[in-house]
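# Inside the fold
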Amino acid sequence: MDETIFQLILPIVGLQLILIVIALIDLKRIEETQGPKWMWALIIIFGNLIGPILYFVIGRRP
Amino acid sequence: MQWLVIFNKELLEHLRNFKWIWVPIVFILFAVMDPITTYYLPIILESVGGMPEGASIDIPSPPPAEAMMMSFNQLSVLGVLIAVVISMGMVSSELKSGVYELILSKPVSYIHYITAKYAAMSVLVSISLVISLIAGWYYVTLLFGDIAFSQLLVSAIFYVIWFLLVLSIVMMFNTMFRSQGLVAFISIIVILAINIITSIYSHVLTWSPALISDYIGIYLFSGNMETEMWMSVLISVILMVVALTIAITTLKNRAIE
């Protein structure tokens, strides 16, 4: 039982991680963000699913 | 040719903004979340505790069609929200920054400008939507039971039409306002109003585009396509064309001013 839970949840966790990593890579590359960069880094890492979405929608606006 | 240039430029821009990566991922997570939490609800309740000693939790497992509808419903709310938010700056940001004047100082037709942008966004949203529904379907068949894949694909195609209508509404308001926030706000209000009015007068407005997801539910449960579904699709397409035409004319009038 525990193993099946693991297999089912793993892809979801993976996707979330990809999302966070991409947001962080983009944050590193981008010149300017709305508000300070370190704040966005915190939001992306600790914001769960909402964090990266907020960053892509609001944060990276020129 | 000119249309293709704008279309390709838009697709490239979506790629550079990572939209091609994050929008599908977010949609997949939305579609998958609800069926999974429903499936594991008894276990979650057990581990959280707080249940009186000896209380047995008997939550009947929903039929596969109902579980699949959870994915659709989740996307109807959060998916639409994301679609609105990613397209709120399609034209309005270019109006504001002046890029738009730069583009239209060249002999670019308004029709090409609007439709190419709309098409590029539609491709992104539609593909994300279909991928996420397939992911949702995968989990539903795994956890709750079988749904025919062909049935899901047909449902997904119909569902895409509702999203295309949403995008055309956003595009219409894009040409009217310069502020992205205002575009998103008014679009959401209009879409909410369509949903609310439809749910109040659902017995009269059987052709309403907002009922597409309801008809999909009936289709998944019974396997029969309601004839009203086609009416909803037809009305959606008509409204889409109207919204885009309004967008093109407002942009033209803006240039004359």
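Residues numbered from 1 in each chain as written. Chains lettered and ligands numbered in written order. Predicted model: local features only at pLDDT ≥ 70, side-chain atom pairs only at ≥ 80, totals over all residues. Heavy atoms only, no water.

It is worth spelling out the overall build of chain A at this point. Within chain A, the secondary structure is distributed over 3 helices and 0 strands. For chain A, the α and β elements follow one another from N to C terminus as α-α-α. Since a compact globule built from 62 residues should have a radius of gyration of about 11 Å, the 14 Å found for chain A marks it as more spread out than a globular shape. Overall, the C-alpha framework of chain A stretches about 45 × 15 × 15 Å when taken along its three principal axes. Across the 62 residues in chain A, those meeting the buried criterion constitute 35%. Sequence-distant contacts in chain A: of pairs separated by 6 or more residues, those separated by 24 or more amount to 47%. Carbon and sulfur atoms make up 70% of the accessible area of chain A, which amounts to about 4000 Å² in all. Charge separation in chain A, taken as the distance between the mean sites of 5 positive and 5 negative side-chain charges, equals 13 Å. (Helix = DSSP H or I, 4+ residues; strand = E, 2+ residues; numbered from the N terminus. Rg over C-alpha atoms; globule rule 2.2 N^0.38 Å. Buried < 20%, exposed > 50% of the residue type's maximum accessible area, 1.4 Å probe, protein only. Contact = heavy atoms within 4.5 Å. Areas by Shrake-Rupley, 256 points an atom, 1.4 Å probe, with all protein chains shown as cover. Lys, Arg positive; Asp, Glu negative; His and termini not counted. Charge placed at Lys NZ, Arg CZ, Asp CG, Glu CD.)

This next bit is on the packing of helix H7 (residues 110-143) of chain B against helix H8 (residues 149-176) of chain B. Residues and elements named next belong to chain B. One way to put it is that H7 packs onto H8 with a least axis distance of 9 Å and a crossing angle of 145 degrees. For the element pair H7 and H8, the recorded crossing hand is right-handed. The residues of H8 that touch H7, namely those facing Ile114, Lys117, Tyr118, Met121, Ser122, Val125, Ser126, Leu129, Val130, Leu133, Ile134 and Trp137, are Phe149, Leu152, Ala156, Tyr159, Val160, Phe163, Leu164, Leu167, Ser168, Met171 and Thr175. Of the residues in the contact of H7 with H8, the class split is 18 nonpolar, 4 polar and 1 charged. (Axes fitted to C-alpha atoms, helices over the stretch in contact; angles between N-to-C directions. Left-handed = near helix turned anticlockwise from the far one by under 90°. Nonpolar A, V, L, I, M, F, W, Y, C, P; charged D, E, K, R; others polar.)

It is worth spelling out the nonpolar core at this point. One broad trend across soluble globular proteins is that nonpolar side chains are buried collectively. All names here are of chain B. In terms of nonpolar packing, the biggest core is built from 100 residues, with Trp22, Met68, Ile114, Tyr159, Trp162, Phe163 and Ile216 touching the most fellow members. In terms of residue count, H8 provides more of this core than any other element does, 17 residues in total. Filtering out sequence-adjacent residues up to four positions away, isoleucine 216 remains in contact with Met69, Phe72, Ser155, Phe158, Tyr159 and Met229. (Core = buried A, V, L, I, M, F, W, Y, C linked by side-chain atoms within 4.5 Å.)

Residues and elements named next belong to chain B. Counted according to the given criterion, the structure contains 5 salt bridges over all chains. Among the ionic pairs, lysine 9 bridges to glutamate 94, the shortest N-O distance being 3.7 Å. Of this pair, lysine 9 sits in helix H1 (residues 2-16) while glutamate 94 sits in helix H5 (residues 92-97), and the two are 85 residues apart along the sequence. Assessed through its relative accessible area of 33%, lysine 9 is described here as partly exposed. For glutamate 94, a relative accessible area of 10% gives the class buried. Glutamate 10 is the salt-bridge partner of lysine 117, the closest N and O atoms lying 2.8 Å from each other. One end of the pair, lysine 117, is in helix H7; the other, glutamate 10, is in helix H1, with 107 residues separating them in the sequence. (Salt bridge = Lys/Arg side-chain N within 4 Å of Asp/Glu carboxyl O.)

Turning our attention to unusual backbone geometry. Notably, asparagine 48 of chain A is not glycine yet its phi reads approximately 60 degrees, a positive angle. Take asparagine 48 of chain A: it is sitting in the loop between helix H2 (37-46) and helix H3 (50-59). Residue asparagine 48 of chain A is classed as exposed on the basis of its relative accessible area of 52%. A positive phi is found at phenylalanine 18 of chain B, a non-glycine position, where the angle reads about 65 degrees. Among the structural elements, phenylalanine 18 of chain B can be located in the loop between H1 and helix H2 (19-39).

To continue, consider the side chain of glutamine 16 of chain A. Note on placement: glutamine 16 of chain A falls in helix H1 (residues 2-29). Among the residues examined, glutamine 16 of chain A registers a relative accessible area of 16% and is labelled buried. If near-sequence neighbours (up to four positions away) are discounted, glutamine 16 of chain A is found in contact with Asn48 and Leu49 of chain A together with Leu29 and Met33 of chain B.

The subject of this paragraph is the interface of chain B and chain A. The partner chain A presents 20 residues to the 22 residues of chain B that form the contact. Both faces considered, chain B and chain A share a buried interface measuring about 1900 Å² in area, 84% of it formed by carbon and sulfur atoms. Looking only at chain B, the three residues that lose the most surface to chain A are Phe18, Trp22 and Leu29 of chain B, adding up to 30% of its buried area. Where chain B meets chain A, there are 0 salt bridges. Ranked by the residues each element gives to the side of chain B that touches chain A, the list is headed by H2 of chain B, at 10 residues. (Buried area = accessible area lost by both parts, 1.4 Å probe.)

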